[in-house]
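Topology and contacts: notes
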Amino acid sequence: MSDILIKGAEELNISIEEKDINSFEIYKEMLKEWNTKINITTITDDEDIDIKHFLDSLTPLVTNLFDGKKNLIDIGTGGGFPGIPLKIIKRELNVTLLDSLNKRINFLNEVINRLELEDIIAIHARAEEMSIKPVYREKYDIAISRAVASLNTLSEYCIPFVKLGGYFISMKGPDAEEELKSGNNAIKVLGGRIVDKKLICIPESDIMHSLIIIEKIKETPTKYPRGGGKPRKNPL
Ligand SMILES: C[S@@+](CC[C@H](N)C(=O)[O-])C[C@H]1O[C@@H](n2cnc3c(N)ncnc32)[C@H](O)[C@@H]1O
């Protein structure tokens with residue numbers, strides 16, 4: 001059983017049950033096993049997985065945005081971060097995991113089955129192609145993303161999924177100021193407003209991370225997101 005995870009969760013004020021610890025242990029073993037066959041993560045040491053994947057993924061819970069039965073989409077989830085750790089702790093969340101690499105989606109489906117998680121789905125798609133579909137557009141209380149793209153590009157991937165009054169949470173490194181400056185225009189154009197920036201130390205480490213919290217205050221104009229790779233090649 002992982003002491004680091006238990007102590008770290010305590011520091012974040014998260015109550016973690018035995019069945020949750022068990023889920024994290026199974027998830028960790030699957031991550032290490034699948035990682036030998038397909039490339040999921042460069043972080044493979046037990047302690048590093050606890051800190052840099054599991055605890056880091058749980059830091060958004062320092063906000064109260066996850067309370068209640070919320071619809072969450074994790075964009076560019078890769079090996080399931082932060083979506084799966086958030087789901088393990090907040091079982092009432094309705095979670096969509098999205099990634100453009102199908103082999104990672106296969107892994108996530110195995111994890112979902114093994115952990116017997118409910119109200120969670122893994123979808124193979126590009127964010128900018130999926131958010132133009134009415135069934136996904138402006139349907140989520142929270143869109144979240146870690147380590148996928150710079151904030152201006154990422155805003156075009158994420159904000160169209162968020163319903164009015166919902167939030168986009170961008171998990172970034174310690175020096176988010178430059179990104180914030182270059183992301184400001186995109187956030188505004190897409191209907192968002194920065195409401196908070198939190199600098200957080202990942203528990204059981206000295207690693208600092210930022211959470212940028214953006215509220216959706218206006219509908220995203222229908223011309224966004226743009227196709228043809230424009231959000232990445234020519235960010236707003
Ligand atoms: C560096 S990984 C980060 C994975 C995970 N969020 C984490 O923090 O460990 C970036 C992931 O984003 C996915 N990705 C990149 N662009 C995407 C897009 N436009 N739509 C969906 N997924 C995308 C990639 O396939 C990859 O799995």
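Keep in mind it's a predicted model, so treat the numbers as computed, not measured.

Rules and cut-offs
Residues numbered from 1 in each chain as written. Predicted model: local features only at pLDDT ≥ 70, side-chain atom pairs only at ≥ 80, totals over all residues. Heavy atoms only, no water. Near = heavy atom within 4 Å. Polar contact = N/O pair within 3.5 Å; in protein donor to acceptor, adjacent residues only side chain to side chain. Areas by Shrake-Rupley, 256 points an atom, 1.4 Å probe, with all protein chains shown as cover. Helix = DSSP H or I, 4+ residues; strand = E, 2+ residues; numbered from the N terminus. Buried < 20%, exposed > 50% of the residue type's maximum accessible area, 1.4 Å probe, protein only. Axes fitted to C-alpha atoms, helices over the stretch in contact; angles between N-to-C directions. Parallel < 35°, antiparallel > 145°, perpendicular 65-115°, else oblique. Left-handed = near helix turned anticlockwise from the far one by under 90°. Contact = heavy atoms within 4.5 Å. Nonpolar A, V, L, I, M, F, W, Y, C, P; charged D, E, K, R; others polar. UniProt positions renumbered as here; feature names shortened; annotations may be inferred. Patch = residues over 30% accessible without salt bridge, like charges linked within 9 Å, V, L, I, M, F, W, Y side chains within 5 Å. Salt bridge = Lys/Arg side-chain N within 4 Å of Asp/Glu carboxyl O. Lys, Arg positive; Asp, Glu negative; His and termini not counted. Charge placed at Lys NZ, Arg CZ, Asp CG, Glu CD. Pairing = 2+ DSSP bridges.

Here the focus is the site of the ligand. Close to the ligand lie 15 residues; Gly76, Phe81, Asp99, Arg104 and Arg146 are nearest. Between a nitrogen atom of the ligand and a main-chain N or O atom of Gly76, the distance comes to 2.8 Å. Between Arg104 and the ligand, the recorded distance is 2.7 Å, taken from a side-chain N or O atom to an oxygen atom. When the free accessible area of the ligand is taken as 600 Å², the share hidden by the protein chains comes to 80%.

Attention now goes to unusual backbone geometry. Cis geometry marks the peptide bond from Phe81 to Pro82; its omega dihedral reads 10°. By the element assignment, Pro82 lies in the loop between β1 (71-75) and α4 (83-89). A cis amide bond links Tyr224 to the next residue, Pro225, at an omega of 0°. Locating Pro225 in the fold gives a position in the loop between β7 (208-216) and α9 (230-233). For Asn13, which is not a glycine, the phi torsion comes out positive at approximately 65°. As for its position among the elements, Asn13 is in the loop between α1 (3-11) and α2 (18-35). We classify Asn13 as exposed; its relative accessible area is 73%. Not every positive phi belongs to a glycine, and Glu138 is a case in point at roughly 50°. Examined against the element boundaries, Glu138 turns out to sit in the loop between α6 (127-130) and β4 (140-146).

Moving on, we come to the packing of α1 against helix α3 (residues 46-58). Relative to each other, α1 and α3 sit at 30°, their axes nearing to 9 Å. Between α1 and α3, the crossing angle belongs to the class labelled roughly parallel. In terms of crossing hand, the pair formed by α1 and α3 is right-handed. Counted together, Ile4, Leu5, Gly8 and Ala9 of α1 and Glu47, Asp50, Ile51, Phe54 and Leu55 of α3 form the full contact between these two elements. Counted by class, the contact of α1 with α3 contains six nonpolar, one polar and two charged residues.

Once that is clear, we can look at the UniProt feature "binding site: S-adenosyl-L-methionine" (unreviewed entry) in the protein chain. Per the UniProt record, the feature "binding site: S-adenosyl-L-methionine" (unreviewed entry) sits at Gly76, Phe81, Ala127, Glu128 and Arg146. Assignment of secondary structure puts Ala127 in helix α6. The contacts of Ala127, once residues within four sequence positions are left out, are Ile75, Leu98, Tyr157 and Phe161. With respect to the helices, strands and loops of the structure, Glu128 is situated in helix α6. Setting aside residues no more than four positions away along its own chain, Glu128 makes contact with Tyr157, Pro225 and Arg226. Separated by 3.0 Å, the side chains of Glu128 and Arg126 make a polar contact.

On to a negative patch on the surface. On the surface, a cluster of negative charge is made up of Asp3, Glu10, Glu11, Asp45, Glu47 and Glu204. Here the negative patch gets three residues from one element, more than from any other, and that element is α1. Looking at the element boundaries, Glu10 is found in helix α1.

Once that is clear, we can look at the sheet that holds strand β3 (residues 120-124). Taken in spatial order, the seven strands of this open sheet run β3-β2-β1-β4-β5-β7-β6, and their pairing is mixed. Only two strands of the sheet have a single partner each, and these edge strands are β3 and β6 (192-201). For this sheet, the mean inter-axis angle between neighbouring strands, taken without regard to orientation, is 20°. For β4 and strand β5 (residues 162-172), the ladder comprises six bridges, and the chain directions are parallel. Of the residues in β5, the one forming a bridge with Ile142 is Tyr167. Lying on the sheet, helix α5 (residues 102-114) is in contact with β2 (94-99) and β3; it crosses β3 at an angle near 165°. Strands β5, β6 and β7 of the sheet are contacted by helix α8 (residues 177-189), whose axis makes an angle of about 155° with β6.

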